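Residue-level structure breakdown
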Amino acid sequence: LSFFLRTVEPLEYYRRFLKENCRPDGRELGEFRATTVNIGSITTADGSALVKLGNTTVICGIKAELAAPTADSADKGYIVPNVELPSICSTKFRSGPPGEEAQAASQFIADVIENSQIIAKEDLCIANGKLAWVLYCDIICLDYDGNILDASAFALLAALKNVQLPSVTINEETGLSEVNLKQKNPLIIRKHPVATSFAIFDDTLLIVDPTAEEEDLATGTVTIVTDDEGRLCSVHKPGGSPLTGAKLQDCITRAITRHKEVKKLIDKVIQSIKSK
């Protein structure tokens, strides 16, 4: 019967669980799916990370290139993020130009980079007005089961922490740049933004880290991005059910706890690489 109900009346099926404060996959309302992170898995990239959030799998590869800074930002480099949801990751997506959800996710990641100051763009400048780094951050979903924003933000942060850039100097006489591949430096990560997403059910009930099925049934979603100090970097709410101030506060409190969990996971994996 429950299988029949899930197929014919999925919302009703979910409501029965939510009444008991749990979800069909056995999680509590405020519980994230099992989360894992691996870094440095793409050897051809300057930094990379693979993040799994339940069945949602996202990989981020970062390529660094040299370019001239723009005239109005002579002392700044660039960060160019792109989120891809290829047709292999879900029947929901088609091949071809990026769809609405991929574009929204790319914009969300760009906003996170901007609002959190994860990296100071000045740190990417090599020679004022002459040379700067461009970081191309490609985030590709390999398996889609909801909550792409949290997984993408996590993969980006972990990949940035894995980046090693060669030291570059400009030869005074020739004016040409000289790259020393033997001497590599990590990026200066100034903030650790972490995203925590919620699905809103029946306009009132909040569940954290929604699956694809839960996203489809939800009346709205909200994503809270916090940094190391528990500061709010951004609140991303694309329409849907309105939230009361009290509910939003609950989301922020949960997001601050989640930040500690994610930071711990990243620190642990970086530590294990260093000790090898």
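Calculation criteria
Residues numbered from 1 in each chain as written. Predicted model: local features only at pLDDT ≥ 70, side-chain atom pairs only at ≥ 80, totals over all residues. Heavy atoms only, no water. Phe/Tyr/Trp six-rings, centres within 6.5 Å; stacked < 30°, edge-to-face > 60°. Buried < 20%, exposed > 50% of the residue type's maximum accessible area, 1.4 Å probe, protein only. Helix = DSSP H or I, 4+ residues; strand = E, 2+ residues; numbered from the N terminus. Expected span 1.5 Å × (residues − 1). Arc of directions from axis to C-beta. 1 Å grid on protein atoms, 1.4 Å probe; cavity = no way out; pocket = protein on both sides within 12 Å on 5 of 7 lines; lining within 4 Å. Points joined across faces, edges and corners; volume = space filled by probe spheres on them. Nonpolar A, V, L, I, M, F, W, Y, C, P; charged D, E, K, R; others polar. Core = buried A, V, L, I, M, F, W, Y, C linked by side-chain atoms within 4.5 Å. Contact = heavy atoms within 4.5 Å.

1. Brief notes about the packing of aromatic side chains
Throughout the structure, instances matching the rule amount to four aromatic pairs. Centroid distance Y13 to Y14: 6.2 Å. Interplanar angle 80°. Geometry classified as edge-to-face. Taken individually, Y13 and Y14 each receive the classification buried, so the pair is uniform in this respect. Geometrically, the ring pair formed by Y14 and F201 is stacked, given 5.8 Å between the ring centres and 20° between the ring planes. Of this pair, Y14 sits in helix α2 (residues 10-19) while F201 sits in strand β9 (residues 194-201), and the two are 187 residues apart along the sequence. Here Y14 and F201 have matching classes, each one buried.

2. Overview of helix α3 (residues 100-116)
Between its terminal C-alpha atoms α3 stretches 24 Å, which fits the 24 Å expected from 17 residues at 1.5 Å a residue. Every buried residue belonging to α3 is among A102, A105, S106, F108, I109, V112, I113 and S116, and all of these are buried. What you see down the axis of α3 is that its buried residues fit within an arc of 160°, all on one side. Following α3 by one or two positions, Q117 has its phi on the positive side, about 55°.

3. Observations regarding helix α4 (residues 148-162)
Residues lying three or four places apart along an α-helix face the same way, a consequence of the helix completing one turn every 3.6 residues. Over its 15 residues, α4 runs 21 Å from end to end, which matches the ideal 21 Å to within 8%, given 1.5 Å per residue. α4 sits mainly inside the fold: 14 of its 15 residues count as buried.

4. Quick word on unusual backbone geometry
The backbone phi angle of N21 is positive, close to 60°, even though this residue is not glycine. Positionally, N21 belongs in the loop between α2 and β1 (35-39).

5. Some thoughts on the layout of surface pockets
Taken as a whole, the largest pocket holds about 310 Å³ of empty space. Around the largest pocket sit 18 residues that line it, and E101, I148, L149, E215 and T221 are the ones nearest its centre. At the level of elements, α3, α4, β9, α5 (212-217) and β11 (220-226) are the ones that each hand at least two residues to the lining of the largest pocket. Here the lining of the largest pocket is built from residues that sort into eight nonpolar, six polar and four charged.

6. A word on the nonpolar core
Core analysis: the largest hydrophobic core is formed by 66 residues, its most contacted members being I119, L135, L160 and L187. A per-element tally of this core places α4 first, with eleven residues. In this structure, I119 is in contact with I79, L124, L135, L160, L187, I188 and I189, ignoring residues within four places of it in sequence. In terms of nonpolar packing, the next biggest core, distinct from the first, is built from ten residues, Y13, Y14, A199 and I207 among them.

The values are spatial; any link to function lies outside them.
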